[in-house]
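Below, each chain spelled out in residue letters.
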Amino acid sequence: MRAGQIQYSFYTFQTCFRRSLCYSKPVSNKSRLGVLGSGKGSNFVAIANAITTGKIPAEVALVLSDVESAGILSHARARKIPAKFISPGKFRTKLDEDAERAYVGALRKARVDLIVLAGFMRVLKGEFLRAFEGRIVNIHPSLLPSFPGLEAWKQALDHGVKETGCTVHFVDAGVDAGAIIGQQTVPVLNGDTPETLHQRIHAAEHELYPKCVAAIARGEISIVGRRVIWKKN
Ligand code: GRF
């Protein structure tokens, strides 16, 4: 391992992230995931299925949602995974301070190693980011850094790109801005509508997200500056 290279491990990553140089052992036992989502939860299902079939050496310790009726909660409960609605508080696009505290408390109590955002429609800030610095991942429906923000598939279609896709990335204080872990491309076809393109991107997400979470859980990635290096590539 070269100087400046960080080998990823849930247990040491926080410290390493600050020092930006670290030597650590890969994760050996099962990682505990905390999954946050606001919607139907198809990415959660893809990850849960990959865990069941042994592709990800992890368990989902807790699923949280800011939407009481979100499908992701029903999917988790159907699998007997602890799942909880926690009210987001008074803001529309972020958690208020009490909610932030409640989310962090629940995730700490569940002893999660990695936070997996699967369609969580609120920007994480302050205390949440500090509590899980370098241990939060997200999936975004475009090839970042193109088309951050909402309805990325529609942005791509309106812009006229011939290829778009999805990106799994670490979460930092920016919007869809953290280090990129993995990307999968999707062609834009002549007859595409926002809906057909979104569907194709969604299918790609269900392949990409489990692969990225598995690589993290197995300690198979390291970070050099903004670059995430896959050991098996
Ligand atoms: C996905 O398109 C993801 O890229 C975005 O939110 C959507 C979540 O979908 N962040 P689902 O709830 O996992 O089906």
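Everything quoted here is computed from the prediction, not taken from an experiment. Residues take numbers from 1 onward in each chain, read along the sequence in its written order. Where totals are concerned, whole chains, interfaces and linings use all residues; where local detail is concerned, this predicted model gives features only for residues with pLDDT of at least 70, and gives and counts side-chain atom pairs only at 80 or more.

S.K.: Can you tell me about the sheet that holds strand β4 (residues 83-85), naming the residues and giving the values?
M.R.: Strand pairing is defined by DSSP finding a minimum of two bridges between the two strands. Helix and strand assignments come from DSSP, with helices taken as H or I runs of at least 4 residues and strands as E runs of at least 2, each series counted from the N terminus. Strand order in the open sheet made by the 7 strands is β4-β3-β2-β5-β6-β7-β8, with mixed pairing throughout. Only two strands of the sheet have a single neighbouring strand rather than two, namely β4 and β8 (180-187). The average angle at which neighbouring strand axes cross in this sheet is 20°, direction not considered. The pairing of strand β2 (residues 31-36) with strand β5 (residues 114-117) spans 4 bridges and is classified as parallel. Opposite Leu 36, over in β5, you have Leu 117 as the bridge partner. Each residue gets a C-beta atom placed from its backbone, and two residues are in contact if those atoms lie within 7 Å. Fitting a line to C-alpha atoms yields each axis, with helices limited to the stretch in contact; the angle taken between N-to-C directions then spans 0 to 180 degrees. Relative to strand β3 (residues 58-65), helix α3 (residues 71-78) is tilted by about 140°, and along the sheet it contacts β3 and β4.

S.K.: I'd like a rundown of the pairing of β3, residues and numbers included.
M.R.: Here exposure depends only on C-beta density: within 10 Å of a residue's C-beta, 20 or more other C-beta atoms make it buried, 12 or fewer make it exposed, and intermediate numbers make it partly exposed, the C-beta atoms being placed from the backbone. By the criterion of burial, β3 is predominantly enclosed, with 7 of the 8 residues buried. Inspection of the sheet shows β2 paired to β3 by 6 bridges, in the parallel sense. What sits directly across from Leu 36, in β3, is Leu 64. Read from β2 through helix α2 (residues 42-52) to β3, the crossover connection turns out right-handed. Where β3 lies against β4, 3 bridges are found, and the strand directions are parallel. Crossover handedness is defined by viewing with both strands directed away from the observer: a clockwise path from the first strand over the helix to the second marks the crossover as right-handed.

S.K.: Let's hear about the nonpolar core: which residues, and what values?
M.R.: What makes a nonpolar core is a set of buried Ala, Val, Leu, Ile, Met, Phe, Trp, Tyr and Cys residues, with links drawn between C-beta atoms within 7 Å. Judged by nonpolar contacts, the single largest core of 58 residues is most densely connected at Val 63, Val 116 and Val 137. No other element matches helix α7 (residues 194-217), which puts 9 residues into this core. Setting aside its immediate chain neighbours within four residues, Val 137 contacts Leu 114, Val 116, Leu 117, Val 168, His 169, Phe 170, Val 171, Ile 181 and Cys 212.

S.K.: Report on helix α6 (residues 152-159), specifying residues and quantitative values.
M.R.: Given 3.6 residues per helical turn, the α-helix brings residues three or four places apart onto the same face. For α6, every residue scored as buried is listed here: Ala 152, Trp 153 and Ala 156. Down the axis of α6, the buried side of the element spans an arc of 105°, and every buried residue falls inside it. Two residues or fewer past α6, Gly 160 is found with a positive phi of approximately 90°. As used here, the arc is the angular range of directions from the helix axis to the C-beta atoms.

S.K.: Report on the packing of α6 against α7, specifying residues and quantitative values.
M.R.: When two helices pack together, their arrangement is given by the angle between their axes and by how far apart the axes lie. Where α6 contacts α7, the axes come no closer than 9 Å and their chain directions differ by 120°. Taken together, the axis directions place α6 and α7 in an arrangement best described as oblique. The two elements α6 and α7 meet at a crossing, and its hand is right-handed. Residues Trp 153, Lys 154 and Leu 157 of α6 form the contact with α7, whose own contacting residues are Pro 194, Leu 197, His 198 and Ile 201. Working rule for angles: under 35 degrees goes down as roughly parallel, over 145 as roughly antiparallel, 65 to 115 as roughly perpendicular, anything else as oblique. The handedness criterion is simple: a crossing whose near helix is rotated anticlockwise from the far helix by less than a right angle is left-handed, and one whose near helix is rotated clockwise is right-handed.

S.K.: An account of the site of the ligand is requested, with residue identities and associated values reported.
M.R.: Nearness here is judged by the C-beta atom: place it from the backbone, and if it falls within 6 Å of a molecule or strand, the residue counts as near that partner. Taken together, 13 residues sit near the ligand, with Gly 39, Ser 42, Asn 43, Gly 119 and Pro 141 positioned nearest. Looking at the shell around the ligand, the elements that each hand over two or more residues are α2, β6 (136-140) and α7. Three residue categories are used. Nonpolar comprises Ala, Val, Leu, Ile, Met, Phe, Trp, Tyr, Cys and Pro, charged comprises Asp, Glu, Lys and Arg, and polar comprises the others, including Gly. Here the shell around the ligand is built from residues that sort into 3 nonpolar, 8 polar and 2 charged.

S.K.: Hey, could you go over unusual backbone geometry for me, with residue numbers and the actual values?
M.R.: For the bond running from Leu 144 to Pro 145, omega is 10°, close enough to zero to count as cis. Secondary-structure assignment places Pro 145 in the loop between β6 and α6. Even without a glycine there, the phi angle at Arg 111 is positive, about 50°. With respect to the helices, strands and loops of the structure, Arg 111 is situated in the loop between α4 (97-109) and β5.

S.K.: Go over the pairing of β6 with me, naming the residues and quoting the values.
M.R.: Counting buried residues along β6, 5 of its 5 residues qualify, which places the element largely inside the surrounding structure. Of the two faces of β6, both are covered, the one formed by Ile 136, Asn 138 and His 140 as well as the one formed by Val 137 and Ile 139. Here 3 bridges tie β5 to β6, and the two strands are oriented parallel to one another. The residue bridging Val 116 from the neighbouring strand is Val 137, located in β6. A crossover connection joins β5 to the parallel β6 through helix α5 (residues 126-131); in handedness this β-α-β unit is right-handed. Summarising the sheet, β6 and strand β7 (residues 163-170) pair through 4 bridges and their orientation is antiparallel. Each residue of the ladder has a partner; that of His 140, found in β7, is Thr 167.

Interpretation in functional terms is not warranted from these geometric data alone.
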